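Each chain, written out:
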Amino acid sequence: MTLGAIMATVMFVFFCVRDTGFSWMTTWWLWLFVVLSPLPFLFVGRAIRISAGADWLRYGKTGFVSTYELTTAKITTGGASRYLELTDEHGNSAYAPLHNLQMNRELWDLVYNGILHSVRGNGAETNKLARTFLDLDNPLRFRGE
């Protein structure tokens with residue numbers, strides 16, 4: 001949405017600079033460039049599919065893991081973003097931007113509980129970033145069965 005608004009503004013400014021003023025505004029078909037330029041940006045990012053159940057997470061088309069049977073739960077960095085990398089006992093894996101998962105509070109609660117159970121209860125491997133950002137070392141976060 002923001003990229004679309006920026007693109008429309010860029011097109012508007014471009015026509016103003018090109019015609020050294022606002023005379024282009026009387027030509028109706030030039031408005032099509034300004035109005036239609038944001039359309040491609042409306043569809044960017046809509047291909048992300050995220051779903052979770054009580055004991056599973058699906059991210060995208062291929063990332064499916066059983067969150068209560070994780071063998072690794074790591075966080076890696078890519079630029080300014082942090083990515084959650086999960087692998088379960090069956091060899092399935094998911095790799096997702098952490099903020100995409102945390103945007104939906106209910107979904108994140110399901111995923112986080114599974115991660116916490118796998119790390120504390122089953123001894124899943126983690127890294128320092130995961131322990132820090134997910135607060136996995138906090139003893140109040142987990143009460144074993």
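Computed from a prediction, not measured in an experiment: that's the story for all the values here.

Participant: I'd like a rundown of the pattern of salt bridges, residues and numbers included.
Facilitator: Evaluated as defined, the whole model comprises 4 salt bridges. The shortest N-O distance in the salt bridge between aspartate 19 and arginine 18 comes to 3.4 Å. The class of arginine 18 is partly exposed, set by a relative accessible area of 45%. In this structure, arginine 105 engages aspartate 109 in a salt bridge whose closest nitrogen and oxygen atoms are separated by 3.7 Å.

Participant: Account for helix H5 (residues 105-120), naming residues and giving values.
Facilitator: With 16 residues, H5 extends 22 Å from end C-alpha to end C-alpha; this agrees with the ideal 22 Å at 1.5 Å per step. Within H5, burial applies to Leu107, Trp108, Val111, Tyr112, Gly114, Ile115, Leu116, His117, Ser118 and Val119. Those residues of H5 hidden inside the fold are in contact with strand S1 (50-52), strand S2 (56-59), strand S4 (70-78), strand S5 (81-88), helix H4 (98-102) and strand S7 (125-126). Near the N-terminus of H5, the side chain that reaches the backbone nitrogen of glutamate 106, with its oxygen 3.2 Å away, is that of asparagine 104.

Participant: Any chance you could break down the pairing of S4 for me, citing the residues and the numbers?
Facilitator: Where S4 meets S5, 8 bridges bridge the pair, whose relative direction is antiparallel. Residue alanine 73 lies in a different strand from S5, and its bridge partner there is leucine 86. Once S4 ends, the chain turns through 2 residues before running back antiparallel as S5, passing glycine 79 with a positive phi of about 70°. Two strands pair when backbone bridges link them, and S4 and S7 are joined in this way by 2 bridges, in the parallel orientation. By the bridge assignment for S7, threonine 72 is matched with glutamate 125.

Participant: So what's going on with a nonpolar patch on the surface? Which residues, and what values?
Facilitator: On the surface, a cluster of nonpolar side chains totalling about 970 Å² of accessible area is made up of Trp28, Trp29, Leu32, Phe33, Val35, Leu36, Leu39, Leu42 and Phe43. Among the secondary structure elements, those contributing two or more residues to the nonpolar patch are helix H2 (30-36) and helix H3 (39-42). Top element by residues in the nonpolar patch is H2. It accounts for 4 residues. On the secondary structure map, leucine 32 appears in helix H2.

Calculation criteria
- Residues numbered from 1 in each chain as written.
- Predicted model: local features only at pLDDT ≥ 70, side-chain atom pairs only at ≥ 80, totals over all residues.
- Heavy atoms only, no water.
- Salt bridge = Lys/Arg side-chain N within 4 Å of Asp/Glu carboxyl O.
- Buried < 20%, exposed > 50% of the residue type's maximum accessible area, 1.4 Å probe, protein only.
- Helix = DSSP H or I, 4+ residues; strand = E, 2+ residues; numbered from the N terminus.
- Expected span 1.5 Å × (residues − 1).
- Contact = heavy atoms within 4.5 Å.
- Polar contact = N/O pair within 3.5 Å; in protein donor to acceptor, adjacent residues only side chain to side chain.
- Pairing = 2+ DSSP bridges.
- Patch = residues over 30% accessible without salt bridge, like charges linked within 9 Å, V, L, I, M, F, W, Y side chains within 5 Å.
- Areas by Shrake-Rupley, 256 points an atom, 1.4 Å probe, with all protein chains shown as cover.

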